[in-house]
Amino acid sequence: MASINCYQTISDIPASKGKDVLLKILNSPKTDFSKLQKIAVDYEKKALEMIKAETGEQKQ
């Protein structure tokens, strides 16, 4: 297995699945963490509402 040192460039890596994956990772857009945090908070609120509704139905 060949290793990559700090002096090699992307063009020095032979064409392979690994190179394709590496290029996809390097070319992926930056993550918007504040947007992901808002989505997570919304999911958590919905989950808590569902749990409260289920426990309320079970008590009756």
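Scroll up for the structure.
Below, the structure is looked at part by part. Numbering of residues begins from 1 in every chain and follows the order in which that chain's sequence is written. A pLDDT threshold of at least 70 governs which residues receive local features in this predicted model, and a stricter bar of 80 or more applies before side-chain atom pairs are shown or counted, although totals over entire chains, interfaces and linings include all residues. Excluding hydrogens and water, the side-chain figures rest on all heavy atoms present in the structure.

1. Observations concerning the overall build of the protein chain
In DSSP terms, a helix is any run of H or I states spanning at least four residues, a strand is any run of E spanning at least two, and both are numbered starting from the N terminus. The secondary structure content of the protein chain amounts to 2 helices and 0 strands. Burial classes: relative accessible area under 20% of the type maximum marks a residue as buried, over 50% as exposed, and values in between as partly exposed (1.4 Å probe, protein chains only). For the protein chain, the residues scored as buried account for 3% of the 60 residues in total. Of the roughly 6,100 Å² of accessible surface on the protein chain, 60% is carried by carbon and sulfur atoms. Areas reported as accessible are Shrake-Rupley estimates using a 1.4 Å probe. Residue values count occlusion only from the protein chains shown.

2. Observations concerning the pattern of salt bridges
A side-chain nitrogen of Lys or Arg and a carboxyl oxygen of Asp or Glu constitute a salt bridge if their distance falls within 4 Å. As enumerated under the stated definition, the model contains 1 salt bridge in all. Two residues, Asp42 and Lys38, come together in a salt bridge whose shortest N-O distance is 3.2 Å. Taken as a pair, Asp42 and Lys38 lie in helix 2 (residues 33-59) at a separation of 4 residues, close to a single helical turn. According to the relative accessible area criterion, Lys38 is exposed, its value standing at 53%.

3. A look at the side chain of Lys19
Along the chain, the position of Lys19 falls in helix 1 (residues 17-26). Whenever two N or O atoms come within 3.5 Å, that pair is a polar contact, provided that in protein one can donate a hydrogen and the other can accept it, and provided that, for residues adjacent in sequence, both atoms are side-chain atoms. A distance of 3.1 Å separates a polar atom in the side chain of Lys19 from the backbone oxygen of Ile13. Only heavy atoms enter the contact rule, under which two residues are in contact if any of them lie within 4.5 Å. Those residues within four positions of Lys19 in sequence are excluded, and the remaining contacts are Ile10, Ser11, Ile13 and Pro14.

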